[in-house]
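Letter by letter, the chains look like this.
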Amino acid sequence: MQKKLETTEKVGAKEIKIEGLEDGYRVTVRADEDELRKHRRLGGAFINLLRQFEKAGYKLPFPFSWILTFWTRYSKRP
């Protein structure tokens, strides 16, 4: 993969690097490991909540249905 563009920004205590590749983008976040773990757990709980709502037959509003669709596709990648 050849890089097309790259930018790195400091946002508070985090460093965010965005790389444009031939076939998409790569986003890298560097921060305190404990803080990242906490945010991953929170994000995972939110995705599980959306899945439970969908299983229960609730119609999810657009942004939430899109997030769930994206996450389902993303988590199936090898």
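Going by the structure above, here's the rest.
Residues numbered from 1 in each chain as written. Predicted model: local features only at pLDDT ≥ 70, side-chain atom pairs only at ≥ 80, totals over all residues. Heavy atoms only, no water.

### Quick look at the pattern of salt bridges
Item 1. If you walk through the whole model with that rule in mind, you get six salt bridges.
Item 2. A salt bridge links Glu-33 to Arg-37, with the shortest nitrogen-to-oxygen separation between them at 3.1 Å. Of this pair, Glu-33 and Arg-37 both sit in helix α1 (residues 33–55), separated by four residues, roughly a single helical turn.
Item 3. We classify Arg-37 as partly exposed; its relative accessible area is 39%.
Item 4. Taken together, the salt bridges that share partners define one network made up of Glu-33, Asp-34 and Arg-37. (Salt bridge = Lys/Arg side-chain N within 4 Å of Asp/Glu carboxyl O. Helix = DSSP H or I, 4+ residues; strand = E, 2+ residues; numbered from the N terminus. Buried < 20%, exposed > 50% of the residue type's maximum accessible area, 1.4 Å probe, protein only.)

### Focus on the packing of aromatic side chains
Item 1. Under the definition given, this model contains three aromatic pairs.
Item 2. Residues Phe-46 and Phe-64 carry aromatic rings whose centres are separated by 6.0 Å and whose planes lie at 65° to one another, so their mutual orientation is edge-to-face. One end of the pair, Phe-46, is in helix α1; the other, Phe-64, is in helix α2 (residues 62–75), with 18 residues separating them in the sequence.
Item 3. In this structure Phe-46 comes out as partly exposed when scored by relative accessible area, which is 33%.
Item 4. In this structure Phe-64 comes out as partly exposed when scored by relative accessible area, which is 33%.
Item 5. Between the aromatic rings of Trp-66 and Phe-70, the centroid separation amounts to 5.8 Å while the plane-to-plane angle is 15°, which identifies the pairing as stacked. With a gap of four residues between them, Trp-66 and Phe-70 both fall in helix α2, about one helical turn apart.
Item 6. Its relative accessible area of 52% is what places Trp-66 among the exposed residues. (Phe/Tyr/Trp six-rings, centres within 6.5 Å; stacked < 30°, edge-to-face > 60°.)

### What about a nonpolar patch on the surface?
Item 1. On the surface, Phe-46, Leu-49, Phe-53, Tyr-58 and Phe-64 cluster together into a nonpolar patch covering about 470 Å² of accessible area.
Item 2. The element that contributes the greatest number of residues to the nonpolar patch is α1, accounting for three residues.
Item 3. Phe-53 gets classed as partly exposed once you look at its relative accessible area, which sits at 35%. (Patch = residues over 30% accessible without salt bridge, like charges linked within 9 Å, V, L, I, M, F, W, Y side chains within 5 Å. Areas by Shrake-Rupley, 256 points an atom, 1.4 Å probe, with all protein chains shown as cover.)

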